[in-house]
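# Survey of secondary and tertiary structure
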Amino acid sequence: MDTKKLRQKILDLAIHGKLVPQDPNDEPASVLLEHIKVEKERLIKEGKIKKSKKSAKTSDTPHYPYLLPKGWEWCKLEDIVCELKYGTSEKSSSVGKITVLRMGNITDIGTIDYSNLVYSSNDEDIKQYSLKKGDLLFNRTNSSEWVGKTAIYKGEQPAIYAGYLIRVRPILISSDYLNIVMNSSYYRNWCYNVKTDAVNQSNINAQKLSKLMVPIPPLKEQERIVVEMAKWTSLITSIKNDKEDLQAAIKQTKSKILDLAIHGKLVPQDPNDEPAAELLKRINPKTEITCDNGHSRKLPKGWIWTILGSVGIWQAGGTPSRSNKSYFGGNIPWLKTGDLNDGYISEIPESITEKAVANSSAKINPIGSVLIAMYGATIGKLGILTFPASTNQACCACIKYFAITQSYLFYFLLSHRAVFIAKGGGGAQPNISKEIIVNTVIPLPPLAEQQRIVAKIEELFSVLDNIQNALEA
């Protein structure tokens, strides 16, 4: 279940008057808007708020985005708020008198995240930008996707707000209801249409925000919508948490399956299988067979400990100098660690724009090679080639196999990823070497058992993948 889509659907039902039933006894929104008009005029007369500037030209026939239920009304945001006020432009500090909320504290589900806080001790800013319970914060500058995100301030702790935010203070309107409107798909589409785009960011200023058309239900219905929305939000959060727990359980189950597989506990042994040692010695007389010393678990009969360098031929990639034009313009693609997908690489990634020349100087990995990333955040990432390819120096490839199937090697490497990451040493650019890979000890079963293990892994993984796909549908 896609909880994001479910939440969006509930929000849309709410602002179309379809989440809770209408009550003909409710005071209509038209009366509420008259009360708001009177209250706003009083606040202006008392000097508590400024009179809003009228547009130079207004239309005699305003556009209404969609039909509303009886008793509802459309109005502009500027008609139902005290002010649309930009936040402080002063630089914040790690310590201070009061919290300064920034755009990063506004979540994508209309709440405020109080982690990663900064502070201010500027008394004038504290006086001018202090938030009141029920204020909405509008993110005026952000990416194209997230510009205009909003959250309601519930008074959790004293706070002011930064300059990329606009404070929206409603008059006689439920702040919670207004926040529901400003998290709906109607509102997100409005943001997309009115935003101004610049390099790597979009903007919606207070003038544009003031013209947002807001669907206003009777006040009693606003309250019912808010209560019903809270129930749905709680349910969706529970589903989301359960979904995340199940996804974590699937990941753990796959790890357990791999662990059982490489220790001979996933499928039964067959005494008629040719022992791995005999096959490996016959195919690769130079093989290195390692004794059990130093390994915490004994292996089943017919298995051996050996190293990856004994069960395959490995080569690290390399990137030729761009000045050597003879390496480029051919028909063999270059792959990067970001192209590895923990499965078969069946198509040349669209990101590849250069190709290597297929000559004796280029390190070309044949079809069926298993690739493993050796550098950076992708350490241990895998790929199986379905076409010949060269790689940069951040990849290593097994290009020939001795007494081991391609798939068993792949699943062993997948099970061993955490070890490779640990050996990478952390830091800004962790890395492992080809030497570390070829000297990695591997438990090797008989060839026939490898095939049974792979078949069982893929059978079980298929079931788990179907569950995963259903969760994401």
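Starting afresh in each chain, residues are numbered from 1 along the sequence in its written order. Local features in a predicted model are, by the rule used here, given only for residues with pLDDT of at least 70; side-chain atom pairs are given and counted only at 80 or more, and totals for whole chains, interfaces and linings are based on all residues. Only hydrogens and water are set aside when side-chain values are computed; all heavy atoms of the structure are taken into account.

## Some remarks on the overall build of the protein chain
In this text, helices come from DSSP runs of H or I with a minimum length of four residues, and strands from runs of E with a minimum of two, each type numbered from the N-terminal end. Summing up its helical and strand segments, the protein chain has 13 helices and 23 strands in all. Entry remark: accessible area of the protein chain is about 24,800 Å², with carbon and sulfur atoms responsible for 53%. Note on areas: these come from Shrake-Rupley sampling with a 1.4 Å probe, and a residue is covered only by the protein chains present in the view.

## Considerations on the pattern of salt bridges
Every case where a carboxyl oxygen of Asp or Glu lies within 4 Å of a side-chain nitrogen of Lys or Arg is listed as a salt bridge. If you walk through the whole model with that rule in mind, you get 19 salt bridges. Note that glutamate 78 is salt-bridged to lysine 211, the shortest N-O span being 2.9 Å. Note that glutamate 78 is positioned in the loop between strand S1 (73-76) and strand S2 (81-86) and lysine 211 in the loop between helix H6 (206-210) and strand S12 (213-216), a separation of 133 residues in sequence. Owing to a relative accessible area of 23%, lysine 211 belongs among the partly exposed residues under this scheme. Two residues, lysine 456 and glutamate 459, come together in a salt bridge whose shortest N-O distance is 3.3 Å. With lysine 456 and glutamate 459 both in helix H13 (residues 447-472) and 3 residues apart, this pair spans about one turn of that helix. Burial classes follow relative accessibility: with a 1.4 Å probe on protein chains only, a residue under 20% of its type's maximum area counts as buried, one over 50% as exposed, and anything between as partly exposed. Look at lysine 456 and you get partly exposed, because its relative accessible area is 27%. Take glutamate 459: its relative accessible area is 45%, and that puts it in the partly exposed class. What you see here is one network of salt bridges that share partners, running through Glu39, Arg42, Glu46 and Lys48.

## Some details on the sheet that holds strand S22 (residues 395-401)
Spatial strand order, S15-S22-S19-S20-S17: 5 strands in an open sheet with mixed pairing. Taken across any chain shown, the strands that pair with only one partner, and hence form the sheet edges, are strand S15 (312-316) and strand S17 (343-345). When the angles between neighbouring strand axes are averaged without regard to direction, this sheet yields 30°. Relative to S22, strand S19 (residues 370-373) runs antiparallel, the two being bridged by 4 bridges. Across the sheet, the residue bridging to valine 370 is cysteine 398, located in S22. A pair of strands is treated as paired once DSSP finds two or more bridges between them. Between N-to-C directions, angles cover 0 to 180 degrees, with each direction set by a line fitted to C-alpha atoms, over the stretch in contact for helices.

## Observations regarding the confidence of the model for the protein chain
The pLDDT value expresses, per residue, how confident the predictor is, ranging between 0 and 100. With 90% of its residues at a pLDDT of 70 or more, the protein chain shows a mean pLDDT of 89. In the model of the protein chain, strand S18 (residues 355-356) stands out as the element of lowest mean pLDDT, 60, in contrast to S12, which has the highest, 97. Should any heavy atoms of two residues lie within 4.5 Å, those residues are considered in contact. Contacts of residues 292-296 to residues separated by more than four positions or lying in other chains number 6 contacts, the stretch itself having pLDDT below 50.

## Brief notes about helix H2 (residues 29-45)
To estimate the expected span of a helix, count its residues, drop one, and scale the result by 1.5 Å. Helix length check: H2, at 17 residues, gives a terminal C-alpha distance of 24 Å against a target of 24 Å (1.5 Å per residue), a fit within 8%. Taken residue by residue, H2 has Ala29, Leu32, Ile36, Lys40 and Leu43 as its buried positions. Buried positions in H2, seen along its axis, are confined to an arc of 75° and lie on one side of it. Opposite its buried face, H2 presents the exposed residues Val38 and Lys45, each directed more than 90 degrees away. The inward-facing, buried residues of H2 abut S1, S2, S12 and helix H7 (219-261). Positive phi appears at glycine 47, one or two residues downstream of H2, with a value of about 75°. The reported arc concerns the directions from the helix axis to the C-beta atoms and nothing else.

## Quick notes on the environment of alanine 261
With respect to the helices, strands and loops of the structure, alanine 261 is situated in helix H7. Residue classification places alanine 261 among the buried residues on the basis of a relative accessible area of 1%. With 189 residues separating them in the primary sequence, alanine 261 and glutamine 450 have C-alpha atoms 9.0 Å apart. Alanine 261 has contacts with Leu266, Trp303, Ile453 and Ile457, leaving out every residue within four places of it along the chain.

## Some remarks on the pairing of S12
Residues Met213 and Pro215 line one face of S12 and the alternating positions Val214 and Ile216 line the opposite face, and both faces are buried. Looking at chain direction, S1 and S12 are connected through 4 bridges and run antiparallel. Considered in S12, the bridge of lysine 76 is made with methionine 213.

## Section: the packing of helix H1 (residues 3-15) against H7
For the pair H1 and H7, the least separation of the axes is 10 Å and the interaxial angle reads 175°. Here H1 lies roughly antiparallel to H7, going by the angle between them. On H7, the residues that touch Thr3, Leu6, Arg7, Ile10, Leu11 and Ala14 of H1 are Ile225, Met229, Trp232, Ile236, Ile239 and Lys240. For this classification, under 35 degrees means roughly parallel, over 145 means roughly antiparallel, 65 to 115 means roughly perpendicular, and everything else is oblique.

## Section: the side chain of aspartate 12
Relative to the helices and strands, aspartate 12 resides in helix H1. Charge convention: Lys and Arg are scored as positive, Asp and Glu as negative, and His as well as the terminal groups of each chain are ignored. In this structure aspartate 12 is buried but unpaired, with lysine 9 as the nearest side chain of opposite charge at 6.5 Å. At a separation of 2.6 Å, a polar atom in the side chain of aspartate 12 contacts the side chain of serine 185. Two N or O atoms count as a polar contact when they lie within 3.5 Å, although within protein this holds only if one can serve as hydrogen donor and the other as acceptor, and sequence-adjacent residues are included solely when both atoms are side-chain atoms.

## A closer look at the side chain of threonine 337
Within the fold, threonine 337 resides in the loop between strand S16 (328-335) and S17. Non-local contacts of threonine 337, meaning those with residues more than four positions away in its chain, are made with Ala373, Thr378, Asn392, Ala394 and Cys395.

## Considerations on a nonpolar patch on the surface
The patch calculation keeps residues exceeding 30% relative accessible area without a salt bridge and links them within 9 Å when they carry like charges or within 5 Å when they are nonpolar (Val, Leu, Ile, Met, Phe, Trp, Tyr). A grouping of Leu246, Val463 and Ile467 is seen on the molecular surface, where their side chains present a nonpolar patch of about 220 Å² in accessible area. With relative accessibility at 34%, the residue isoleucine 467 sits in the partly exposed group.

## So, the environment of asparagine 139
Mapping asparagine 139 onto the fold places it in strand S5 (residues 136-139). In sequence terms asparagine 139 and asparagine 205 are 66 residues apart; their C-alpha atoms lie 9.6 Å from each other. What asparagine 139 contacts, discounting residues up to four positions off in sequence, is Met103, Trp146, Val147, Gly148, Lys149, Tyr164 and Leu165. In terms of polar contacts, asparagine 139 uses its side chain to reach the backbone carbonyl oxygen of tyrosine 164, at 3.3 Å.

## A look at the layout of surface pockets
Approximately 910 Å³ is the volume found for the largest pocket. Only protein atoms enter the 1 Å grid used here, on which a cavity is any set of points holding a 1.4 Å probe that cannot leave and a pocket is any open set flanked by protein within 12 Å on both sides along at least five of seven lines; residues with an atom within 4 Å of a point are listed as lining. Lining the largest pocket are 32 residues, and of these Arg7, Asp108, Ile109, Gly110 and Asn183 sit closest to its centre. Among the elements of the structure, H1, strand S7 (150-152), helix H4 (175-181) and H7 are those that each provide at least two residues to the lining of the largest pocket. Broken down by element, the lining of the largest pocket gets its largest block of residues, 7 residues, from H7. Residues are grouped as follows: Ala, Val, Leu, Ile, Met, Phe, Trp, Tyr, Cys and Pro are nonpolar; Asp, Glu, Lys and Arg are charged; all remaining types, including Gly, are polar. Here the residues of the lining of the largest pocket sort into 11 nonpolar, 11 polar and 10 charged. Grid points are joined across faces, edges and corners, and a volume is the space filled by probe spheres set on the points.

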